[in-house]
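Here are the chains, one letter per residue:
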Amino acid sequence: MTLLAILVATLVAGIGSVWIAALLMRLRRSGSSAADAASGAQSLLSLAAGALLATAFMHLLPEAFESGLAPGALFATLLGGLVLFFLLDKAELWHHGHEHHHGGHAHGHEDHAHDHQHDHHHQHHHHAPRSGGGWAVLTGDSVHCFGDGVLIASAFMADLRLGAVAALAVLAHEVPHHIGDLVVLRRSSSDARAALIKVSLAGTMTALGGLAGWWLVDQLQAFLPYFLVLASSSFIYVALADLIPQLQKRLSARQTGAQVAWLLAGIAMVTLVSLAVHGGHDHDHRDHGQHDEADHRH
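As the structure is a computational prediction, the values presented were derived from the model and not from experiment.

Conventions used here
Residues numbered from 1 in each chain as written. Predicted model: local features only at pLDDT ≥ 70, side-chain atom pairs only at ≥ 80, totals over all residues. Heavy atoms only, no water. Salt bridge = Lys/Arg side-chain N within 4 Å of Asp/Glu carboxyl O. Buried < 20%, exposed > 50% of the residue type's maximum accessible area, 1.4 Å probe, protein only. Patch = residues over 30% accessible without salt bridge, like charges linked within 9 Å, V, L, I, M, F, W, Y side chains within 5 Å. Areas by Shrake-Rupley, 256 points an atom, 1.4 Å probe, with all protein chains shown as cover. Helix = DSSP H or I, 4+ residues; strand = E, 2+ residues; numbered from the N terminus. Axes fitted to C-alpha atoms, helices over the stretch in contact; angles between N-to-C directions. Parallel < 35°, antiparallel > 145°, perpendicular 65-115°, else oblique. Contact = heavy atoms within 4.5 Å. Nonpolar A, V, L, I, M, F, W, Y, C, P; charged D, E, K, R; others polar. Core = buried A, V, L, I, M, F, W, Y, C linked by side-chain atoms within 4.5 Å. Expected span 1.5 Å × (residues − 1). Phe/Tyr/Trp six-rings, centres within 6.5 Å; stacked < 30°, edge-to-face > 60°. Left-handed = near helix turned anticlockwise from the far one by under 90°.

**Considering the pattern of salt bridges**
Inference 1: Scanning the entire structure with this criterion turns up 1 salt bridge.
Inference 2: The salt bridge partner of R161 is D159, with a shortest N-O separation of 3.5 Å. As far as burial versus exposure is concerned, R161 and D159 are alike and both buried.

**Observations regarding a nonpolar patch on the surface**
Inference 1: On the surface, a cluster of nonpolar side chains totalling about 440 Å² of accessible area is made up of M1, L4, V8 and V12.
Inference 2: Mapping V8 onto the fold places it in helix α1 (residues 2-29).
Inference 3: The partly exposed category is assigned to V8, whose relative accessible area is 45%.

**Observations concerning the packing of helix α8 (residues 192-203) against helix α9 (residues 205-219)**
Inference 1: Remark: α8 packs on α9, axes separated minimally by 4 Å, with the N-to-C direction vectors making an angle of 5 degrees. Of the possible angle classes, the one that applies to α8 and α9 is roughly parallel. Seen from α8, the contacting residues are L201, A202 and G203; seen from α9, they are M205, T206 and A207.
Inference 2: Counted by class, the contact of α8 with α9 contains 4 nonpolar, 2 polar and no charged residues.

**Some points on the nonpolar core**
Inference 1: Within the largest apolar cluster, 45 residues are counted, with the highest numbers of intra-cluster contacts made by L52, L60, F235 and L243.
Inference 2: Sorting the residues of this core by element identifies α1, α2 (34-65), α3 (71-90), α6 (134-158), α7 (160-188) and α10 (224-243) as the ones contributing at least two each.
Inference 3: When residues of this core are assigned to their parent elements, the largest contribution, 11 residues, is made by α2.
Inference 4: What L60 contacts, discounting residues up to four positions off in sequence, is T55, A155, L162, L228, A231, S232 and F235.

**Describing the side chain of S232**
Inference 1: In this structure, S232 sits in helix α10.
Inference 2: Apart from the residues within four sequence positions on either side, S232 is in contact with A56, L60, L61 and L78.

**Looking at α10**
For an α-helix, 3.6 residues make a turn, and residues three or four places apart therefore share a direction.
Inference 1: For α10, with 20 residues, the first-to-last C-alpha span of 27 Å sits near the 28 Å given by 1.5 Å per residue.
Inference 2: By the criterion of burial, α10 is predominantly enclosed, with 16 of the 20 residues buried.

**Thoughts on the packing of aromatic side chains**
Inference 1: Counting across every chain of the model gives 2 aromatic pairs.
Inference 2: Relative to F75, the ring of F65 has its centre 5.2 Å away and its plane inclined at 55 degrees; by these criteria the two rings are tilted. Note that F65 is positioned in helix α2 and F75 in helix α3, a separation of 10 residues in sequence.
Inference 3: For F65, a relative accessible area of 29% puts it in the partly exposed group.
Inference 4: A ring pair is formed by F223 and Y226, whose centres lie 6.1 Å apart and whose planes are at 45 degrees; its orientation type is tilted.
Inference 5: Here F223 falls in the partly exposed class, since its relative accessible area comes to 45%.
Inference 6: Of the residues examined, Y226 reaches a relative accessible area of 25% and is grouped as partly exposed.

**Description of the packing of α7 against α8**
Inference 1: Here α7 crosses α8 at 135 degrees, and the two axes come no closer than 9 Å. Of the possible angle classes, the one that applies to α7 and α8 is oblique. Judged by the sense of rotation from one axis to the other, the crossing of α7 with α8 is right-handed. Contacts between α7 and α8 involve H178, D181, L182, L185 and R186 on the former and, on the latter, A192, A195, L196, K198 and V199.
Inference 2: Residues belonging to the contact of α7 with α8 are distributed by class as follows: 6 nonpolar, 1 polar and 3 charged.

**Brief notes about the environment of L138**
Inference 1: Considering the arrangement of structural elements, one finds L138 in helix α6.
Inference 2: Overall, the relative accessible area of 8% leaves L138 in the buried class.
Inference 3: Spatially, the C-alpha atoms of L138 and G203 are 9.4 Å apart, while their sequence positions differ by 65 residues.
Inference 4: When neighbours within four sequence positions are excluded, L138 is seen to be in contact with L185, K198, V199 and A202.

Given below as structure tokens:
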């Protein structure tokens, strides 16, 4: 049952996020203005950041610390995870570069001369990671999706509710990433369908990672809290190092308010899904613990 849930959730997160990204790009081209497209991208980033942070701080980390392991060891794992994902980011293997989002932003503005210059300016700073072309994008995306699958599986092995929340957080933050993937691939080829198929195939690596994670955690049950902390460090790193810096712009009070609202919406979304999937879990868990303590005393 757990393995089936992992496979379904990872396929939804990995491939579903690609299709949602493609749909949003189609809607953008069909009538949205450049300003609306930019606003929509900012909303997506804010929503994803809120979902990732809420999942890490309100679900994954508390579950790991309830294991009773020494807090120092878990915090050291959190720190080590942040350093690990920083190094993977340097190798273009985790969230495959900040230039994706600039690319998505530029796509909505590509018919305007000023924005072409703006895009050229960003490409000047982020051109190196793209030197490998579309296959470099797909390689980084595949590795990232595989890692996401392992992290989702770790959450499911702890609790079904936790797994559903983690899968939702991955889905939310992969949508803006896949928009960037599709933009880059469509620049190198005019075949939009081929680009969608390639990115979707990379998304299937999430399910493969889920299967690998299920086997790994099953073999190393004692280390499950460390896997949960590692998943937390991934979510925190992506939110703070990738998503939120792209929101740190000088904006009007109205636009800033919208960003905050979408950030809070991401937090609320994760909370509501958690309650909907397994609302009585905490109560049952506490009752079970109380009964165990009573039995132990008797």
